[in-house]
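Read off the chains here:
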Amino acid sequence: MAQQVAERFYQARKRFFEGLSNKPKKKKPYKFLSLVYPESGWRLSNTREVGLGKNRNKRKARLLSKIGFFTLIIHRELPEKQVSQVCVKLEPSGRIHVIFLVEEPEAKELPSKEPKRAVGVDLGITRLATLSDGSFLENPKPLERSLEGIRVLQRTLSRKRFLSKNWLKTKRRFAKHHERVKDFRRDLFFKLGALLVEEYDLLVLEDLNVQGLIQKSETKRRRLRLHDSSFSVLRAVLEWEFLKRGKTVLALPAYNSSRECFLCGGINQNLTLEDRIFHCPHCGFTLDRDLNASLVLLKRAGWVPPFQCACS
Ligand SMILES: [Zn+2]
């Protein structure tokens, strides 16, 4: 154990001096939650198939290591010989992840296909995602909905003696709560990504500066909602799904994308955050605010979709 701490400190210091990361911080012992094994020091045994149908690749195995054994569910094929590192990570909620680091010779580059169908996606707080085809996904705001429970747990935690058994127990319940919110979001994002990648070859997104948005927000509620929407995670998931299938993702500068008129390109300077409807002062074009923004993105990417205005 002490050897591990020394090794990690050495690695962190090296990375810092190479300019790769921030200055290493002192870590409190109760926050030390992971354990790294090099090539040796671990072994898999009792591997057997457990998955059915789509999950046929799932295997159950037993990881034998110096601190005991874990029963694992393996989600994908794993070349056991090429594993260079195994990390056993204890999540604050008590869930354990075992991460196998595999060195691959060279990532296969999928040939990018010529995109045929493109979609613009505008991310927002009211509607999490608005597609340029007119459909949208409401923002489920998972964190905001579970806030009451979080408050109760926070209060319980503050009454416990720091680092006592009961404190640790409550801390774990607290972490579980947050983990559920996180899992819900990830699941939702992956489902949205799967739907989009099924339909489209090119995804046009805004290159949002989320940290900047959060800092600029005036109300606490807006900041919370921005955090709750996890735009960065959403974008990462969508990009991952598209690139995995050799499709393209374009991230365009977000500047004025919701103020610009899709039809004539004029800028509506008076549009505020509360306006749900975009009305162009130059040509009179009127459309849902988020839908207009997603169409503007598509237009900026050089894809002007056929558009019939319902109002004219
Ligand atoms: Zn206009």
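Preceding this section is the structure that the text describes.
Before going into details, it helps to say that this report is about the structure given with it. (Residues numbered from 1 in each chain as written. Predicted model: local features only at pLDDT ≥ 70, side-chain atom pairs only at ≥ 80, totals over all residues.)

So, the overall build of the protein
- Looking only at helices and strands, the protein has eight helices and 13 strands in total.
- Sorting the 312 residues of the protein into buried and exposed places 18% on the buried side.
- Contacts in the protein between residues at least 24 apart in sequence constitute 53% of all its contacts with a sequence separation of at least 6. (Helix = DSSP H or I, 4+ residues; strand = E, 2+ residues; numbered from the N terminus. Buried ≥ 20, exposed ≤ 12 C-beta atoms within 10 Å, placed from the backbone. Contact = placed C-beta atoms within 7 Å.)

Focus: the sheet that holds strand S5 (residues 83-90)
- Pairing is antiparallel across the open sheet formed by three strands, whose spatial order is S1-S5-S6. If you trace the sheet from one side to the other, it starts and ends with strand S1 (34-37) and strand S6 (96-102), each paired once. For this sheet, the mean angle separating the axes of adjacent strands, direction not counted, is 15°.
- Here four bridges tie S1 to S5, and the two strands are oriented antiparallel to one another. Counted as the bridge partner of Val36 is Cys87 from S5. (Pairing = 2+ DSSP bridges. Axes fitted to C-alpha atoms, helices over the stretch in contact; angles between N-to-C directions.)

Looking at the environment of Leu147
- Note on placement: Leu147 falls in helix H3 (residues 147-159).
- Distance in space between the C-alpha atoms of Leu147 and His177 is 9.9 Å, their sequence separation being 30 residues.

Examining the pairing of strand S8 (residues 127-131)
- Burial analysis of S8 places four of its five residues in the buried class, which makes it a mostly covered element.
- As defined by bridge partners, strand S7 (residues 118-123) adjoins S8 across three bridges and the pair is classed as antiparallel. Residue pairing for S8: Leu123 is matched across the bridge by Ala129.
- Hairpin connection from S7 to S8: three residues lie between these consecutive antiparallel strands.
- Where S8 and strand S9 (residues 136-138) come together, three bridges link them in antiparallel fashion. Counted as the bridge partner of Ala129 is Leu137 from S9.

Observations concerning the sheet that holds S7
- Taken together, five strands build an open sheet; the order of strands is S9-S8-S7-S10-S11 and the sheet is mixed. Unpaired on one side and paired on the other, S9 and strand S11 (248-253) mark the two borders of the sheet. Sheet twist, expressed as the mean angle between neighbouring strand axes with direction ignored, is 20°.
- Sheet strands touched by helix H7 (residues 231-244): S7, strand S10 (202-207) and S11. Its angle to S11, the strand with the most contacts, is close to 145°.

Overview of H7
- The end-to-end C-alpha separation of H7 is 20 Å, in line with the 20 Å expected for 14 residues at 1.5 Å each.
- Structurally, H7 contributes buried residues whose contacts are with S7, helix H4 (165-199), S10, helix H5 (210-216), helix H6 (220-229) and S11.
- Note on H7: the residue one or two positions beyond its end, Gly246, has a positive phi of about 70°. (Expected span 1.5 Å × (residues − 1).)

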